[in-house]
Amino acid sequence: MRTRLLLSFYATTLCWGSRPHCQDPVRRLLYGLIMLSNNFSTNVLMRAILILTPALAPSSSAFAGQPSCGQFEASWSPRERSNWTTLCETGRIQLRAVQAGAGQGNEDDVISSSFLATLLTESPYRDRFKHASLSIAGARVTGPLQLRDLTVESSLVIADSRFEEVADLSGSRFSGSLSFIKSSFAKGIKAVNSRIDGSVFLGGSDQATTNGDISFPKVKLASVDLSGSTVAGDLDVLDADVDDTLRLLHVRTNGSVNLFRIAAQRVVLASSEVRGQLNIVASQIGGPNAAPPVLNLYSVRVLQDLHLNRTRIEGKTSFENAELSASLTLLGTILKDVDASGATIKNALDIGFNERPGLQSGQTTWSAGARLNLNKSSVGSIATPLDLDLHYWPTSIDLDGAKIGFFDFNSNRNPSRGAEQAQSQDADKQASWLKAWLARTSFAPQTYSRIKATMIANGNEDVGNQIGFASRDLELAEAFQKIKSLEPSTLLSSLGTAFVLSGSRLLTGYGYKMYLPGLWAAIFIVIGAAVFSLTEEARQRRMPYGLAYSFDMLLPIIKLRELHYEIDLKTPWARYYFYFHRIFGWILGSFIAAGLVGLTK
């Protein structure tokens, strides 16, 4: 009995003398068995295990081997020790339930950045979260958080919190995800040249959706810089106000990049690679003091669709040399200048009307004087409503060297213009739209020629021919304009061009209206016959009508009768007329030949 009492007293003293160690679940189980056991031998055995097992005793050597929820750094405050105990046992801690941006909180909410860095980077604390998650909610993180050039073998979840200084995670590798949902960064967050083996979540929500019935409060992010980082999953910035720049330069993601409902002075994704979708939706980018381009997607590579929908961009947007393996949609977006020169869009460039249930509908809108530069770009198709007023397009478009696969006039119909859209298969409507669209470019015959070839290749020969005819008309007008300028260096060439094009238009419709030569020939044959019938030679040769003679004189390459060429007209006015008659025949024949081989088209 005396031994039993002694062991019981010692075990109790051991536990309560160092209470944090009783937090250990195994020690609590053994202590409970001691208290409940009525069998003396069992009781003594349990107490012996409790007392004698080194792994369970509070020794520094045991703590060095694995994390212990009851050991602390000497510099930690009582609050930090309590926070560590809770985190050690549960993997998470909830400090307060109010939103991160509201109020100053109190001292119980405070977690120092050094305390957080110690948990993530120093043994044995980091071993507790290895291949797991460290989760903190409702904290006020004081001091700069420096996690540079480290390996963190855990996910980091800090929600509904406020970082009062900069958080710098540059050059580090995280084996899990980084989640800062509903957390604000007063001085910004950096993760330059880092590697995240999970996903990254920033902003006021985790809802990468556009449900019109739901709205989310935004958090403030002074700046975001993830340049050069690699993200194995998605990269989400949702419901956030970024005071300066959202910089994702040279970022590589295996998932999607989602920027929903954000406001930022600049967004930079230049030279990044996104293997999922790139979605910029319901956002506002730019401002009066933002340096252009405010949306920088220079040389970005996106393997799925790039959606830039229902977003206001107050400044230049750059897609230069971008490589998009799917489509680029600009639906319901307000744009200024857009430079997509040298870009490759393998599927559709989608411009038009955007309508989603529960959301305000809208069309692609361009600021006054806006310009779309598609020079040297390659676009699989252009999908747009057949709107003859071109409401969805800027007033200036550059198409020098642009290659377009086809035009899709059936996509993104505006319900309010259903009757107009229903005629999208009408060739004349399509031709009218294309001519109005091309009129917004700086005229270049090569551009019209490429669009014409595109339409013909897709079975719209009538539309292609109308584009070709319009191109020749513009060339003719340009030649006359140069003649009016009386510029010596271009006057002769302009006169020659004007003569050839004028003749081609009158006689063959630039080769597109090959019924015209027949009409001209018929007219001149009749006139020639009338003139010949009034001559003395017609009476002498007994040729009262002279139709065959007029035909032979008009088209000398066809000889109906050798006698016609032996007649020498004595009447001066008739002789001079047939000089002109024969010259016109040669000219008409030349234009017929040129039109048949396509030289005038």
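Positions within a chain are numbered from 1, following the residues in the order the chain's sequence is written. Totals for whole chains, interfaces and linings use every residue, but because this is a predicted model, local features are given only for residues with pLDDT of at least 70 and side-chain atom pairs only at 80 or more, for both listing and counting. Side-chain metrics in this entry use all non-hydrogen atoms of the structure; hydrogen atoms and water are not considered.

Asker: Help me understand the overall build of the chain in this model?
Answerer: Each helix is a run of H or I in the DSSP string that is no shorter than four residues. Each strand is a run of E no shorter than two, and both are numbered from the N terminus. Within the chain, the regular secondary structure consists of 16 helices and 40 strands. Here, residues are in contact when the closest pair of their heavy atoms is within 4.5 Å. Sequence-distant contacts in the chain: of pairs separated by 6 or more residues, those separated by 24 or more amount to 52%. Using the Shrake-Rupley algorithm and a 1.4 Å probe, accessible areas are obtained, with residue cover drawn only from the displayed protein chains. Total accessible area on the chain is roughly 27900 Å²; 54% of this is exposed by carbon and sulfur atoms.

Asker: Hey, could you run me through the pattern of salt bridges in this one?
Answerer: Oppositely charged side chains can pair when the atoms bearing their charge come close. What counts as a salt bridge is simple: a side-chain nitrogen of Lys or Arg found within 4 Å of a carboxyl oxygen of Asp or Glu. For the structure shown, the criterion picks out 17 salt bridges. As a salt-bridge pair, Lys187 and Glu165 come within 3.5 Å of each other at their nearest N and O atoms. Here Lys187, found in the loop between strand S12 (184-185) and strand S13 (189-190), pairs with Glu165, found in the loop between strand S8 (162-163) and strand S9 (167-168); they are 22 residues apart in sequence, far enough to count as distant. Working definition: with a 1.4 Å probe on protein chains only, accessible area under 20% of the residue-type maximum means buried, over 50% means exposed, and in between means partly exposed. By relative accessible area, Lys187 is classed as partly exposed at 47%. On the basis of relative accessible area, Glu165 is assigned to the partly exposed category, the value being 30%. A salt bridge links Asp398 to Arg371; the nearest nitrogen and oxygen atoms lie 2.8 Å apart. Here the residue Asp398 occupies a position in strand S39 (residues 396-398), and Arg371 occupies one in strand S37 (residues 371-373), the gap between them amounting to 27 residues.

Asker: Looking at this model, I keep getting lost on the state of the cysteines. Mind explaining?
Answerer: In a disulfide, the sulfur atoms of two cysteines are held together by a covalent bond. Throughout, disulfides are identified as pairs of cysteine sulfur atoms within 2.5 Å of each other. Throughout the structure, instances matching the rule amount to one disulfide. The disulfide partner of Cys69 is Cys88, and the gap between their sulfur atoms is 2.0 Å. The disulfide joining Cys69 to Cys88 has a torsion of about -75 degrees about its S-S bond and is therefore left-handed. Residue Cys69 is found in the loop between helix H4 (60-65) and helix H5 (78-90), and its partner Cys88 is found in helix H5; the two are separated by 19 residues along the sequence. Just as Cys69 is buried, Cys88 falls in that class too.

Asker: Quick question: what am I supposed to make of unusual backbone geometry here?
Answerer: A negative phi angle is the norm for most residues apart from glycine, just as the trans form is the norm for most peptide bonds. Here the amide bond leading from Ser123 into Pro124 is cis, since omega sits at 5 degrees, within 30 degrees of zero. Mapped onto the elements, Pro124 comes out in the loop between helix H6 (113-121) and helix H7 (125-128). With an omega dihedral of -10 degrees, the bond running from Pro292 to Pro293 counts as a cis peptide bond. Residue placement: Pro293 occurs in the loop between strand S24 (284-286) and strand S25 (295-296). If you check the backbone angles, Ala282 has positive phi at about 50 degrees while not being a glycine. Mapping Ala282 onto the fold places it in the loop between strand S23 (278-281) and S24. Phi is positive for Tyr510, close to 60 degrees, though the residue is something other than glycine. Within the secondary structure, Tyr510 is located in the loop between helix H12 (488-508) and helix H13 (516-533).

Asker: What am I meant to see in the nonpolar core here?
Answerer: One recurring pattern in soluble globular proteins is that nonpolar side chains are buried together. Ranked by size, the top nonpolar core spans 106 residues in total, and within it Phe180, Phe407, Leu434 and Trp437 carry the most contacts. Ignoring sequence-local partners within four residues, the contact set of Phe180 consists of Leu156, Ile158, Phe163, Leu169, Phe185, Ile189, Phe201, Leu202 and Gly203. Listed in part, the 20 residues of the second largest apolar core include Leu507, Ile525, Phe532 and Phe578. We define a nonpolar core as any set of buried Ala, Val, Leu, Ile, Met, Phe, Trp, Tyr and Cys residues linked to one another through side-chain atoms lying within 4.5 Å.

Asker: What should I look at first to understand a negative patch on the surface in this one?
Answerer: By definition, no residue in a patch forms a salt bridge, and every one has over 30% relative accessible area; like charges are joined within 9 Å, nonpolar side chains (Val, Leu, Ile, Met, Phe, Trp, Tyr) within 5 Å. For this count, His and the chain ends are skipped, Lys and Arg are scored as positive, and Asp and Glu as negative. Every charge is mapped onto a representative atom, which is NZ of Lys, CZ of Arg, CG of Asp or CD of Glu. Judged by side-chain charge, Asp426, Asp428, Glu461 and Asp462 come together as a negatively charged surface patch. Here Asp428 is to be found in helix H9 (residues 427-438).

So yeah, pure geometry; function would need other evidence.
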